[in-house]
Structure formats: C-alpha cells, structure tokens
Amino acid sequence: MRSRLRRIQAPRGLVLRLVAAGSCLVAIGAPPAAQAAARIFRLPAESLDQALVRFAVQGEVSVGGLPAPGCGGRSRPVQGSMSAEAALAAMLPPGCDYRVVDPRTFKIVGSGPLTATATPARAPMGMALAPLVVTAERRPEPLTGAPYPASALSGATLQRLGGETFRDVASQFVGVTVTNLGPGRNKIFVRGLSDGSFTGKTQSTVGLYLDDLPITYDAPDPDLRLVDVDRVEVLRGPQGTLYGSGSIGGIVRIVTVKPDPAAREGWVEAYGEATAHGSSSSGFAAMLNLPLAGGRSALRAVAYSDDQGGYIDNPPHRLRDLNFSRRNGGRLAWAADLGSGWRLDANVVHQSIATNAAQYTQGPYGRLTRNTGVREPHDNDFTQLGLGLVHTGGTADLKISAGFVDHGLDTTYDATGAFVAVDEVPGALKAFDENRRVSLGVLEATLTSTAPGRLRWLAGVFATQTRESDTARLRFLAPVADPLTLYHRHDQLAEEAIYGEAAYDLNARMTLTVGLRAFTTQVSTVGDDFGFAGDPTVVAGGKGASSGVAPKLRLSYALAPDVVLYAQAQEGYRAGGFNLPSFARRNPGPVIGAFAFRPDRMWNYEVGGAAPLFDGRLVIRAAVFHAEWHAVQTDQYFANGLPLTVNVGDGSNTGLEVELLWRPDERLQVRVSGLANDPQLTRTTRLLPATPDKGLPGVPYGTASADVRYRWPAPHGLVAEVSAQASYVGRSYVTFDVGAANLMGGYGSGRIAASLAGARWQAEAYVDNVTDAQANTFAFGNPFSRAAAMQSTPLRPRTFGLRLKRSF
C-alpha cells in the first residue's frame, strides 16, 4: 500500500506528520490537552483537505479520516476564540462529522453518500441555515461577529424579497437609500452621505462591485438583474484603505454563484405581473452549470429577459403607459483547477436596458401623467470582462484580478422652453440628447496571510484607468432644423495605489487592526465647445494630479467567539476634475471661475458591536458613527438645464444604526433595521444656492425596514412559506436648496408573498406596494423644466405577481 507523507512546521517548533494511507489520514505530534484549550482560530472557506491542515496547525491537534464517504467540498469559515472541538464542528461542511479519538486527536467521518443534485429553492425543514459569510474586507468572515459595519442578504432572501435589482431590496439594508429616476439611472447612498441627487462628473460616493471588480466610476448604478446571486454585501462608511477612491459612503458588492465542477444542474423561471393603472410585466431567467474536464473545470451560464410595463400617461398626446422598459442580459463564468493550489476564473457579463420614456409626473392632468412634448427615452448598455488567478496554500494566498467595463448611456430630455444656447431656434420644440460612454480598466493583486499566529496581514497593489466621452446636442423637432452640438468632452482618470492591513491579536480577545493606502491620481479633461454663434470652436481642458494616504485604525474586543465590540476610524477620498469653461461663460453669475473642482475627503469615527443572544436566536448589530466631510463635491444643474460640478462646502453626519435578527425556531424569522442620523451641510462656498443645517440632498433623517418570514412543512414533502416586508423613508430635499418644490419622501411601502416549494420546483405569488401608496419618491425628472413645473416620481402602483421556478 502506497502512502503520502506531508511535513508541516507548526508554532513553537511543533512538528506535525500527516500520513495518508489508503482511506485514512493520521496526524501525529500534537501536545496533550490541546483540545480543551481556547485558541484563536482564523479559518477561511477553502477545500476541506486544506482547511483541515490549517485547522490542525492553528489548533495544535491531530486530525484524520479523509477521504470519508459523503464528506467533501469546501469548509465553512471560522473566526474567534474557542476550543479546537468547537472550531472543528463549526468548519465542517454538510455531510461531514467527527469523532473524538482522544483529547488531542479527531477523526473525520462521513454522514452519507455525496449526491450531485440541484440545490432546492428553499432549505428543507429541520435543517439549520448555514451562517452567512462575507468577504467585504477581503477575507472570508462570518457576518455574525464581524468587527465592522456590514450587512448581507443571501440569494434565497433576495428572491423572497422580490430583488430583481439592488434598488428593489435597498430599503432592507440599514442606512441605504436609492434615487428613483428610472431603470439604469439611479444613484446609491449609504449612511446618509449624499453629495447630491444627480449624476455627473463626480465619482460615485458608493463603490459598486460585481464579485472582485468595480463596475462604475461616475455613472449611475447599471441596475444589473440579481440572477444566480450568492449574496449582496453592504460595507458602510469610508473604505479608502482597501477600496481606494470613490468609496466615501461605503461598498455594495454583488457576489455571484461560482461554477461548480461537482454538479450538473440548472433551472428556469418565469414570472408575470399585473399593475394597477398600468400595463402588465413579464420575464424569464435560466441557469445551466456544466462540469468539464473530469471535474477539474466548470462552466456556468445565466440568461434573462424582462419587460416592465409602464404606468405614466401623456394625455395631450393620447399616450398611455409610456414608461415601459425592456432588460436583456446574461453572464458566462468559467473556472478551472490548474493544480498545485492554482485556480483560474473568467467571466463575461452583458446587459442592456431600453426605457421608452421617463417615469416622473408633471403638469395639470392628475396622478400618473406628464405633459411633455418629447418622449424622453433612456438606454443603458453594460458589458464587463473579468479574469482572476488565485493561488491558495502555504503561508499566504494570492489573488490577481483584472477587468474591463464598457458602459454606454444615452439620455433624451424635453428641452422645450429652456434657453440653452444663444444660437438655438427660438420657440422650437426641442430635445436635448446626451451620449456618454465610460470605459474602465482595473488590475489588482492581493496577498493575504494564512499562517497561524497572532498576526494576520494583507498587502495589495492596484491600478485603474477610466476614460469617458460625452456629447450633448440640441435637436429641433418643430420647426425642423439642423441639430446644434453643445459640447463634446473627453475625461480620463488614472489611479495607482499600494495598500496594506495588519491585524494583531493583543490577547485571546483583543485585536488591533491598522491599515494604510498610498495613492496617486491623475485627471485630465479636453473639451470642444460648439455653443457660441459666430465664435470658432473652442478647445479647452485641464490636467491635475493628487496624492496622499488613506489610513485606518480599529480596535476590537471579543467577549465571546461571536460577541464583538469595536471602535474604528478611517478615511475616504475622491479625485477632483474639471468643468468645461463654456458652462460658466454661458451662465453669468456667481459660478464664473468655477472651472475646476477639488478632491474631497472624509473621516469617519464609530463604535459598534454585534452579539448573538439567547443561544443565537436573537442577533443584534449596532453602531454609532460621526463623519466629517471636507470640500464636498456635487453634480448640479444650471437654471437652463446644463450640468456643472462644484465643491459646495463642508458636511457632516452623526447617526445610530441598528439591525436585529430574531429566529426563535426554524420556522419563524424576523429582521428589523433602522437608521437615525443628522446629515448636514455645515459650511457653504456660496457657489450654489444652498441652505446649511437643513440636511443633505436625497437622504432623510431616518429610515426603517422590517421583514417577517414563516415557513412550515406541507403535505407530500412540500415546504410552504409566507412573508411580509415593510419599509419607511423619511423626508428629504432633492437639492441643497430648501423649498417646497424640492421636498420628497416621507412614505412607507410594503410587500407580501406566499410560496410552495418541492425538491425541484417552486411557485410564488406576491403583491408589491400593497397599499397602493402614491408618495413622491424623487422630486426630479427633467433638468430643463424643473424650474417651471413641479416634478414628482411615484412608486409603481400596486402590482400582483406570480413566479414559477423549475430545477433540474
């Protein structure tokens, strides 16, 4: 019988000899009484054989038994101070168990044969749900007990909440608000840290990631459909150390389901909806996972399409339900085990959204109507290519990620009645067309320590380049005339950075974390100004550079493995940029000379904690924070509808956020969250009409949400479930200028659903906007007419839906 011998050097000179003979793995050399002693375990999710080696070294114990029938796959992550037996029980995946051979030796045993069946739509009754694991801070960690302000929702929860896109479920994340301009046009805010309700040349305050790669710079959320998603994570507060420029408010990370080389599976689903006062909606999605190369590789494909019915009418032109939209997209992911601890991942993502008309209301014709003379369509086309190379094993794990994003946005506004250019056709029915194309390339390499001991570290290098082109034209529809080009500009931003973070266990309970990012950014703008009658084309622009460091400091204390308190301070930043000079010349007044806008920076200070109580049936996470924001950048509009970007002043926010999760048994789950905060503009530069101490645009003083789910076993082996959700968004203003026309929010909304699931199929019925609420969610729709007419964006009216899903 042949055997393998592997020799591992453990702490303080301890030597482990791991010998695999036939079906038994034996470890020799652990010290006595190792099992009972509490140790600090940091065990990431990885292949089970690697995880057991890491566990044996960190716990100074012996472990054997692999391969075991029915036992395999990836381990569960474990973090905290506990006994070796408790850590082993927590890390083993389903299908695996263990036996205690003696106080220093464990044997792994299987609980049954492995099967390659599709994952059921709902967890079977009697099976505890696995703890949710997040990787927002670049390391796999259980959400419960994580010493930082993070939230996550699993893929199953997203589906139950009706999460077609992130906006659909944003209110269920504490402290998250989203504007409501329309599909593919919205802006995300976290913790009340708003730089304004409009998108333009400022980098987004929230970093949006698909797996490990950023997918936006200054563009709105591309509104990717959440199909075949493992989870969505939200990391709150500035994240400059780990994520760099633009993460002032936080991070939203969509984590997809990875190709599985052990399962040939798939599913299809379809849904239909009927909306009161509007037209119907429908859609479908499908997934197929194929193992390749004898289980060393896998391909996972996702495709989807949906039509969202409209509900806004235009009585003057006898048009009904004109704000319908169509979304088509797909994702193709490939993963391959290259051997010796190396793994290669590749993916391509594409989605297109075509919206027939905007969804705001305006004019004298009543609810759900608009009286514009131009239809105002919008297109959003998104493509991403990604490549990743990962090596695990040894004393550190290496991850290299590269990606490219191509994002095109085409928008039309009715510009009739606005004086946009001195040489336009007087009194014409005219449309303003803006065409934007953003390309984003990124390369990042991260090295993460895995060796046992008190010190854990990570180090990385990062480089990104963003190129953007914008063209704006006036089209004259009646009387017909040649279009007038207003501007054409090219922007480029490059950022390079090195960063690192180290966490040191001062003792078994207390950990000190220190991080630092050193960065440099270069910004350039070149613009062609066509807008002045009789003047030749003017070429203008500018170049700028900035550099600095973004530090992070955190002290955490573990009262128990999952009970943690922490205090931290960290900084975020954004690069500056340029306006075209024609904007200032065409609009005389206080904004003359506002050619460049400066970088802005934010410091955030907070204390928080997390604790499972009553044997884990109740989990509480809470934090108190204070943010100081200097030289706040904002995208705004001139009175004639053209955009500009300025530093409006300084801001601050102080708040309290709380999340509660109550699971008294496997049937009932209640989740409640809320944010009370005081976002303010504390100083104004007087470049814009702005009112200090009246709040920041688009973010209320308070938000709250609740989600209740109850499930029970039904006849014939089925599982039944009912759920209800409610959310509240407080009042806010759409701009820095306080006025009745800018007021919005102050509303609640709800959803109810019921489902019945078998091993391979699921049926769900639901009602969105149960009370048919008619609130103004966003007091904006068109920059050219907002000064002349009140604008309001309603919730989608009450909608009834039915969804069917079949797995195979």
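Residues numbered from 1 in each chain as written. Predicted model: local features only at pLDDT ≥ 70, side-chain atom pairs only at ≥ 80, totals over all residues. Heavy atoms only, no water.

For the rest of this paragraph, the subject is the overall build of the protein. Within the protein, the regular secondary structure consists of six helices and 42 strands. Within the protein, the fraction of its 808 residues that count as buried is 56%. Within the protein, counting contacts between residues at least 6 apart in sequence, those at least 24 apart form 66% of the total. Here the protein has roughly 31400 Å² of accessible surface; of this, 61% comes from carbon and sulfur atoms. (Helix = DSSP H or I, 4+ residues; strand = E, 2+ residues; numbered from the N terminus. Buried < 20%, exposed > 50% of the residue type's maximum accessible area, 1.4 Å probe, protein only. Contact = heavy atoms within 4.5 Å. Areas by Shrake-Rupley, 256 points an atom, 1.4 Å probe, with all protein chains shown as cover.)

Further remarks concern the pairing of strand β25 (residues 429–449). Side chains on a regular strand alternate between the two faces of the sheet. Counting buried positions along β25 yields 15 of 21 residues, so the element is predominantly enclosed. Pairing of strand β24 (residues 396–414) with β25, which is carried by 19 bridges, proceeds in the antiparallel orientation. Bridging across to β25, V405 finds its partner in L440. Where β25 meets strand β26 (residues 455–478), 20 bridges bridge the pair, whose relative direction is antiparallel. The residue bridging A431 from the neighbouring strand is R475, located in β26. (Pairing = 2+ DSSP bridges.)

Before going further, it helps to spend a moment on empty space enclosed by the protein. Tallying each qualifying case throughout the model produces eleven cavities of 30 Å³ or more. What the second largest cavity holds in volume is close to 450 Å³. As for the second largest cavity, its lining consists of 33 residues, and the residues nearest its centre are T199, G200, E434, R436 and Y637. Here the residues of the lining of the second largest cavity are counted per class, giving 15 nonpolar, ten polar and eight charged. (1 Å grid on protein atoms, 1.4 Å probe; cavity = no way out; pocket = protein on both sides within 12 Å on 5 of 7 lines; lining within 4 Å. Points joined across faces, edges and corners; volume = space filled by probe spheres on them. Nonpolar A, V, L, I, M, F, W, Y, C, P; charged D, E, K, R; others polar.)

Quick look at the environment of N653 now. By secondary structure assignment, the location of N653 is in strand β35 (residues 643–662). Distance in space between the C-alpha atoms of N653 and Q680 is 6.2 Å, their sequence separation being 27 residues. N653 has contacts with R191, G192, L193, F625, H626, A627, N677, D678 and P679, leaving out every residue within four places of it along the chain. Here the side chain of N653 touches R191 through a polar contact of 2.7 Å, landing on its backbone oxygen. Looking at N653, its side chain comes within polar contact range of the main-chain nitrogen of D678, at 3.0 Å. (Polar contact = N/O pair within 3.5 Å; in protein donor to acceptor, adjacent residues only side chain to side chain.)

In this model, the protein carries a mean pLDDT of 87, and residues with pLDDT of at least 70 account for 89%. Per-residue pLDDT stays below 50 along residues 1–35; that stretch engages in 95 contacts with residues further than four places along the chain or on separate chains. Considering only residues more than four positions removed or in separate chains, one finds that residues 583–594, a stretch of pLDDT under 50, has 26 contacts. (pLDDT = per-residue confidence, 0-100.)

A cluster of nonpolar side chains, contributed by L447, L455, W457, Y504, L506, L512, V514, L553 and L555, occupies part of the molecular surface with about 720 Å² of accessible area. Mapped by element, the contributors of at least two residues to the nonpolar patch are β26, β28 (510–529) and β29 (538–560). Residue placement: L506 occurs in the loop between β27 (480–505) and β28. The class for L506 is partly exposed, based on a relative accessible area of 40%. (Patch = residues over 30% accessible without salt bridge, like charges linked within 9 Å, V, L, I, M, F, W, Y side chains within 5 Å. Salt bridge = Lys/Arg side-chain N within 4 Å of Asp/Glu carboxyl O.)

To continue, consider the sheet that holds strand β14 (residues 206–210). The strand order across the open sheet formed by five strands is β11-β16-β17-β14-β15, and the pairing between neighbours is mixed. Across the chains shown, the open sheet's two edge strands, defined by having one partner strand only, are β11 (150–154) and β15 (213–214). Of the pairings in the sheet, the one linking β11 to strand β16 (residues 229–236) comprises five bridges and is antiparallel in character. Across the sheet, the residue bridging to S151 is V234, located in β16.

This part covers the side chain of S439. Looking at the secondary structure, you find S439 in strand β25. The residues contacting S439, other than those within four sequence positions of it, are F404, V405, Q465, T466 and R467.

Moving on, we get to the packing of aromatic side chains. Taken as a whole, this structure holds 14 aromatic pairs when the rule is applied. With a centroid separation of 3.7 Å and 5° between ring planes, the pair formed by F519 and Y573 is classed as stacked. With F519 in strand β28 and Y573 in strand β30 (residues 563–574), this residue pair connects regions lying 54 residues apart in the sequence. Y573 carries the same exposure label as F519, and that label is buried. (Phe/Tyr/Trp six-rings, centres within 6.5 Å; stacked < 30°, edge-to-face > 60°.)

So, about the packing of helix α1 (residues 48–59) against helix α2 (residues 84–91). Angle between the axes and distance between the axes: these two values describe a pair of packed helices. Put simply, α1 and α2 touch, their axes get as near as 11 Å, and they point 165° apart. Between α1 and α2, the crossing angle belongs to the class labelled roughly antiparallel. Considering only the axes of α1 and α2, their crossing is right-handed. Note on element contacts: α2 touches α1 through A84, A87, L88 and M91, opposite A51, L52 and F55. Its residues assigned to classes, the contact of α1 with α2 comprises seven nonpolar, no polar and no charged. (Axes fitted to C-alpha atoms, helices over the stretch in contact; angles between N-to-C directions. Parallel < 35°, antiparallel > 145°, perpendicular 65-115°, else oblique. Left-handed = near helix turned anticlockwise from the far one by under 90°.)

Counting residues in each nonpolar core, the largest one holds 33 residues, and the members touching the most others are F432, L474 and L486. Put simply, the parts of the chain that give this core at least two residues each are β26, β27, β34 (618–637) and β35. Counting 26 residues, the second-largest nonpolar core is a separate cluster that includes F173, L210, I215 and V405. (Core = buried A, V, L, I, M, F, W, Y, C linked by side-chain atoms within 4.5 Å.)

A few words now on the state of the cysteines. Overall, the coordinates contain one disulfide when judged by the stated rule. Two residues share a disulfide in this structure: C71 and C96, whose sulfurs sit 1.9 Å from each other. Handedness of the C71-C96 disulfide follows from its S-S torsion of about 105°: it is right-handed. You can see C71 sitting in the loop between β5 (62–64) and β6 (78–82) and its partner C96 sitting in strand β7 (residues 96–102), a full 25 residues away along the chain. Each member of the pair, C71 as well as C96, is classed as buried. (Disulfide = S-S within 2.5 Å.)

In this sheet, β27 lies alongside β26 in antiparallel orientation, the contact comprising 22 bridges. Within the sheet, the bridge partner assigned to T466 lies in β27 and is L493. Between β26 and the antiparallel strand that follows it, β27, lie one residue.

For α1, with twelve residues, the first-to-last C-alpha span of 16 Å sits near the 16 Å given by 1.5 Å per residue. The element α1 is largely enclosed, with a buried count of ten among its twelve residues. L48, A51, L52, V53, R54, F55, A56, V57, Q58 and G59 are the residues of α1 that are buried. Of the residues one or two after α1, E60 is the one with positive phi, at around 55°. (Expected span 1.5 Å × (residues − 1).)

Taken as a whole and judged by the stated rule, the model has 52 salt bridges. Among the ionic pairs, E265 bridges to R300, the shortest N-O distance being 3.7 Å. Separated by 35 residues along the polypeptide, E265 in strand β18 (residues 265–275) and R300 in strand β20 (residues 297–308) bring together distant segments of the chain. For the residue pair E265 and R300, the accessibility class agrees, reading buried in each case. R367 is paired through a salt bridge with D772; the nearest N and O atoms lie 3.7 Å apart. Of this pair, R367 sits in the loop between β22 (342–355) and β23 (378–391) while D772 is found in the loop between β41 (761–768) and β42 (799–807), placing the two residues 405 residues apart along the sequence. For R367, a relative accessible area of 35% translates into the label partly exposed. Bridged by salt links that share partners, the residues E164, D223, R225, E269, D306, R327, R751, E764, D768 and R803 form one connected network.

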